[in-house]
Amino acid sequence: ELPPSEFMQVADSTWLVLSVVSNGREPSGSQATGVTKIARSVIAPLAEHHVSVLMLSTYQTDFILVRERDLPVVIHTLAGEFDIYKEESGECVSATCDDASNGFLKPKPAASPTLHPVQSPQTRFCVLAVAPDTLPAIATMLIDVLFYSHGPPREAGAGSQDLDSITFFSFSLIEGYISIVMDAETQQRSTRELWRMVRIGGQPLGFDECGIVAQIAEPLAAADISAYYISTFNFDHALVPEEGIDEVIQLLQQRQESSR
């Protein structure tokens, strides 16, 4: 419904959404647990098969987006560990390997993935869920926060590996569930757990590279550190509980140093 515009940049690929459920049930939405180990068991194998993914955590669950053209590889890669279903006319039907056998590409020879720099701004974030029926009442506030509350974000200096602050606001409306990430100063009266951000990439990442999400998700999951992961058009962002940010930075730095 959006008209074409010279101010709007649209990625060439069409993406499909993978929603990982356990025993046929969605994870509980009682709290934001972020990228889970079951999501990691999808992310890592897809990276090994050179499938690029976008990661979107919400308050309720995690979603993994893959390019439509990669679906044959996705099904063949995950069929050994998961029962895979696709939606047809509102019904879930089994998606077998035969459905994707035509055009399946064998994985390319393993190559060393690019290790992107990470930055951790001092900004503290809140993760919130909003009741859908309250959206009209808060719409004006959301518009103000999105477009008018902040000046232009300050750019990091050349070669900087850290930021004093970062302007970041995420709003998702998925199947009636609303999830919001905003800085603690915007949500001053929040009593919820505070999160810190690790931003991946020193420059826009693009969509052709694979293994970026795995670079962060694997070591954090192995260390039982909860993370809330959001891929955007230019960068990837991982939010971790504030009290664990020092351990996360040390863990990721050690991983980068050991891979050099």
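Overview of the structure. The residue count restarts for each chain, going from 1 along the sequence in the order it is written. In keeping with the predicted nature of the model, local features appear solely for residues at pLDDT of at least 70, side-chain atom pairs appear and are counted solely at 80 or more, and the whole-chain, interface and lining totals rest on all residues. Where side-chain values are given, they derive from all heavy atoms of the structure, hydrogens and water being excluded.

**Description of the packing of aromatic side chains**
- Between the rings of Phe, Tyr and Trp (Trp by its six-membered ring), a pair exists once the centres lie within 6.5 Å; its type follows the angle of the planes, with under 30 degrees stacked, over 60 edge-to-face, and the other angles tilted. Overall, the coordinates contain two aromatic pairs when judged by the stated rule.
- Residues phenylalanine 125 and phenylalanine 168 carry aromatic rings whose centres are separated by 5.9 Å and whose planes lie at 85° to one another, so their mutual orientation is edge-to-face. Within this pair, whereas phenylalanine 125 is found in strand β7 (residues 124–130), its partner phenylalanine 168 is found in the loop between α3 (135–147) and β8 (170–174), the two being separated by 43 residues in sequence. Exposure class is identical for phenylalanine 125 and phenylalanine 168. Each is buried.
- Its guanidinium or amino end placed over the ring of phenylalanine 235, arginine 199 lies 4.4 Å from that ring's centre, counting from NZ or CZ. We count a stretch as a helix when DSSP gives it H or I for four or more residues in a row; a strand needs E for two or more, and each element gets its number in order from the N terminus. We call a residue buried when its accessible area falls under 20% of the maximum for its residue type, exposed when it is over 50%, and partly exposed in between, using a 1.4 Å probe and counting protein chains only. Over a ring means this: the NZ of a Lys or the CZ of an Arg is within 6 Å of the ring centre and within 35 degrees of the ring normal.

**Re the side chain of arginine 196**
- Structurally, the position occupied by arginine 196 is in strand β10 (residues 194–200).
- Reaching out from arginine 196, the side chain makes a polar contact with the backbone oxygen of proline 121 at a distance of 3.1 Å.
- In contact with arginine 196, other than residues within four places in its own chain, are Ser120, Pro121, Gln122, Thr123, Arg124, Ala238, Leu239, Val240, Glu242 and Ile245. A 3.5 Å cut-off defines polar contacts: any pair of N or O atoms within that distance qualifies, except that in protein one atom must be a possible hydrogen donor and the other a possible acceptor, and neighbouring residues in sequence count only when both atoms are side-chain atoms. In this analysis, two residues are considered to be in contact whenever any of their non-hydrogen atoms come within 4.5 Å of each other.

**Brief notes about α3**
- By this rule, a helix spans an expected 1.5 Å times one less than how many residues it contains. Here α3 spans 17 Å end to end across 13 residues, near enough to the 18 Å set by a 1.5 Å rise per residue.
- For α3, the principal kink sits at methionine 141 and spans about 30°.
- Buried within α3 we find Ile138, Leu142 and Val145.
- Where α3 is buried, its residues contact β7, β8 and β9 (177–183). Bend is the name given here to the angle between axes fitted to two runs of seven residues, the run ending at a residue and the run starting at it.

**Brief notes about empty space enclosed by the protein**
- Grid points spaced at 1 Å and placed over the protein atoms alone form the basis of the search, with a cavity being a set where a 1.4 Å probe fits but cannot get out and a pocket an open set showing protein on both sides within 12 Å along at least five of seven lines. Lining residues have an atom within 4 Å of a point. Grid points are joined across faces, edges and corners, and a volume is the space filled by probe spheres set on the points. Across all of its chains, the model carries two cavities of 30 Å³ or more by this definition.
- Of the voids in this model, the largest cavity is the one considered here, and its volume is about 150 Å³.
- Forming the boundary of the largest cavity are 20 residues, of which Ser52, Val53, Glu209, Ile212 and Asp236 lie nearest the centre.
- Of all the secondary structure elements, the ones that give two or more residues to the lining of the largest cavity are α1 (37–48), β2 (53–57) and α4 (212–222).
- Amino acids outside the nonpolar list (Ala, Val, Leu, Ile, Met, Phe, Trp, Tyr, Cys, Pro) and the charged list (Asp, Glu, Lys, Arg) are all regarded as polar, and Gly is one of them. Here the residues of the lining of the largest cavity are counted per class, giving 13 nonpolar, five polar and two charged.

**Here's the deal with the environment of methionine 182**
- When you line up the elements, methionine 182 lands in strand β9.
- Take methionine 182: its relative accessible area is 3%, and that puts it in the buried class.
- Along the primary structure methionine 182 and arginine 124 are separated by 58 residues, whereas in three dimensions their C-alpha atoms are 8.6 Å apart.

**Side note on helix α5 (residues 245–258)**
- Taking 1.5 Å of rise per residue, the 14 residues of α5 would be expected to cover 20 Å, and the 20 Å separating its terminal C-alpha atoms lies within 8% of that figure.
- Every buried residue belonging to α5 is among Ile245, Val248, Leu252 and Gln256, and all of these are buried. Down the axis of α5, the buried set is contained in an arc of 65°. They therefore lie on one face. Counted as exposed and oriented over 90 degrees from the buried face of α5: Asp246, Glu257 and Ser258.
- Those residues of α5 that are buried are in contact with β6 (118–119), β10, α4 and β12 (236–241). In this description, one arc is meant: the one made by directions from the helix axis to the C-beta atoms.

**As for unusual backbone geometry**
- Positive phi is not limited to glycine here, since histidine 50 has a value of about 60°.
- By secondary structure assignment, the location of histidine 50 is in the loop between α1 and β2.
- A relative accessible area of 28% places histidine 50 in the partly exposed class.
- Unlike most non-glycine residues, aspartate 224 shows phi in positive territory, near 60°.
- Its location among the elements puts aspartate 224 in the loop between α4 and β11 (228–231).
- On the basis of relative accessible area, aspartate 224 is assigned to the exposed category, the value being 60%.

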